[in-house]
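So the chains spell out like this:
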Amino acid sequence: MAATRTRTAWLWRVAVVAVSCASGAALVSVAPALASTRGAASNNPSSNNSSVSAFSGDMTTSRVPVSALGAVAQLPSARLGSKIFPVGVSCPSSTFCVAVAKGEVLYSTSNPLGATWSSAKTIDSAGTLDSVSCSSRVSCVAVDLSGNAFVYNGATWGEQRGVTANGFTAVSCASSSFCVAIDGGNFAWTFTGSAWSKSQAALETGTSTSPVSAISCPSSSFCMAVNSAGEAFAYRSGSWAPPVTAANSPLNDVSCASALFCVAVQDSGPAVIYLGTGWSKSGSVDPYSMTAISCAGLWSCLAGDASGDVLRFDGTWSPPINVAKSFEFLGMSCPVVTLCVGLAYDPSTTKVYIYSLSVQSPKSGYWEVASDGGIFSFGDAAFYGSMGAKPLNKPIVGIASTPDGKGYWEVASDGGIFSFGDAAFYGSMGAKPLNKPIVGIASTPDGKGYWEVASDGGIFSFGDAAFFGSMGGTPLNKPVVDIAATATGAGYREVASDGGLFSFGDARFYGSMGGTPLNKPIVGIASS
């Protein structure tokens, strides 16, 4: 008997909203294509109130209702064990996604939340593309069930045929020079950006031939692969460890935010979580098989199941919300904690739909930081430690939270960084010569990097925080006092004490108080 499902109502959102607060219950919504309305979630992919696109004959997608797209091509039913995986999706940022199916590829080069995707481009005459991974908007690798690989450089796809006679089943890229693909014989193939090399032994236990279903490589020194026997295989610095039993049923997908955090979903039973030393049950309220998952950061994951539900994981699982009728989610990619793109498959018609999912985590807390590094927590913001009562070379001047609200960074005026909770240290300007003191900090949306800004407008980038320009070396009327990143992490704004605003990357200029009389100087900035 099918499990009973309750429908969940929510407020439709047009824009992705980034919040920098503590933890709270998750809210997941499908982006609207037309006017915003309030109401219960629709389970009809042809309705006008959800931005859902189907692969048409040429895989062109549209923001118009699906019913207006006309006939949808019959996609091949490429099989791995008893599961169907004919498609793949990878979004290395919130402004770039690649989806593959059959032998075709399409792109979204703006915010995928409701955006129109490109017309399809055929790159594989074998027509069996089944997996893609992009480490950036100029570096992707796609593989097919015929054993061919295709490398994207930002403009064209280079073809590498016949890499393996066993055919590829999954690929994951940590960078343009490090990708790992798994073939049908469970051999791991490493790609350096120019050549492929095969592992000496297959990923299996004894005579077991359970197929590897998924792989995730958050860095060039760590990967995690899972198979249909519930086993997990860890890759560390050039070698694969023996398999360990992670679950008691087939593992369908795995996503790792780091070498210390992976989540895998299985056919039955709870999802399992890896925290660097072993696997444990994560707990779940989903009555269906979870089939796809993506973790944008530590404790920030979205999973899809075989019944069209999505579930948010931030240490606990949210109740399932149905967004894709009774379809099976086959792929999920979350470039940032507030945005995911999922592919769902209708087995009765073999249609594949693209779902752009806005993920909001309502939070109700905040921290105050003092110049001695003392932290004061309010609401549901937890205390993870501080520099209070500890010797400092220079006073603390700013604080930034991790995306899941389970950690924060303090920055001192000499550029020293102090990390607490799940906030990782990626470097700092501490003990390095500075023209002017540091005055603020902002973190990237995935929590894997941050920017420091100096009073002369100089920007210092660490981790995956990219440099998009600065006011360093440019004459200023007044000193810069703070920085705020955009929701995409592809830009930031500096603000000066006279209200002057300086925008870089995808940060748009909407006006400022520069040149306007002020009673008192500006001291900070925050992005909406």
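Look up: the structure comes first, before these words.
Calculation criteria
- Residues numbered from 1 in each chain as written.
- Predicted model: local features only at pLDDT ≥ 70, side-chain atom pairs only at ≥ 80, totals over all residues.
- Heavy atoms only, no water.
- Helix = DSSP H or I, 4+ residues; strand = E, 2+ residues; numbered from the N terminus.
- Buried < 20%, exposed > 50% of the residue type's maximum accessible area, 1.4 Å probe, protein only.
- Disulfide = S-S within 2.5 Å.
- Pairing = 2+ DSSP bridges.
- Salt bridge = Lys/Arg side-chain N within 4 Å of Asp/Glu carboxyl O.
- Phe/Tyr/Trp six-rings, centres within 6.5 Å; stacked < 30°, edge-to-face > 60°.

(A) Here's a closer look at the environment of G511. As for its placement among the helices and strands, G511 is situated in the segment after β45 (501-505). In this structure G511 comes out as partly exposed when scored by relative accessible area, which is 38%. Between the alpha carbons of G511 and G499 there is a distance of 9.7 Å; along the sequence they are 12 residues apart.

(B) Fine view of the state of the cysteines. One pass over the structure, following the stated rule, counts 7 disulfides. Residue pairing for C134: its cysteine sulfur links by disulfide to C140, the two sulfurs lying 2.1 Å apart. An S-S torsion of about 105 degrees defines the bridge between C134 and C140 as right-handed. Looking at C134, the relative accessible area reads 8%, which means it is buried.

(C) Inspection of the pairing of strand β17 (residues 188-191) at higher detail. Judged by which residues are buried, β17 turns out to be covered on both faces: A188 and T190 on one side and W189 and F191 on the other are all buried. Inspection of the sheet shows strand β16 (residues 178-183) paired to β17 by 4 bridges, in the antiparallel sense. Bridged to A181 within β17 is W189. Here β16 hands over to β17 after 4 residues, with N186 in that stretch at a positive phi of 70 degrees. One ladder, built from 3 bridges, connects β17 with strand β18 (residues 196-198); its direction is antiparallel. By the bridge assignment, F191 is partnered in β18 with W196. Connecting the antiparallel pair β17 and β18 is a turn made up of 4 residues, with G193 showing a positive phi of about 105 degrees.

(D) How the structure looks around the pattern of salt bridges. Applying the stated criterion across every chain yields a total of 2 salt bridges. The shortest N-O distance in the salt bridge between R161 and D124 comes to 3.6 Å. In this pair, R161 is assigned in the loop between β14 (157-160) and β15 (168-175) and D124 in the loop between β10 (121-122) and β11 (129-136), connecting sequence segments 37 residues apart. Among the salt bridges present, the one from E159 reaches R161, with a minimum N-O distance of 2.2 Å. Note on E159: relative accessible area 47%, which makes it partly exposed.

(E) Seen up close, the packing of aromatic side chains. Tallied over the entire structure, the rule returns 25 aromatic pairs. With 4.8 Å between their ring centres and 35 degrees between their planes, F313 and W317 make a pair best called tilted. Judged on exposure class, the residue F313 and its partner W317 are both buried. With a centroid separation of 5.9 Å and an interplanar angle of 55 degrees, the aromatic rings of Y384 and Y408 are classed as tilted. In this pair, Y384 is assigned in the loop between β36 (375-379) and β37 (396-401) and Y408 in strand β38 (residues 407-412), connecting sequence segments 24 residues apart. Residue class for Y384 comes out partly exposed when judged on its relative accessible area of 31%. Overall, the relative accessible area of 0% leaves Y408 in the buried class.

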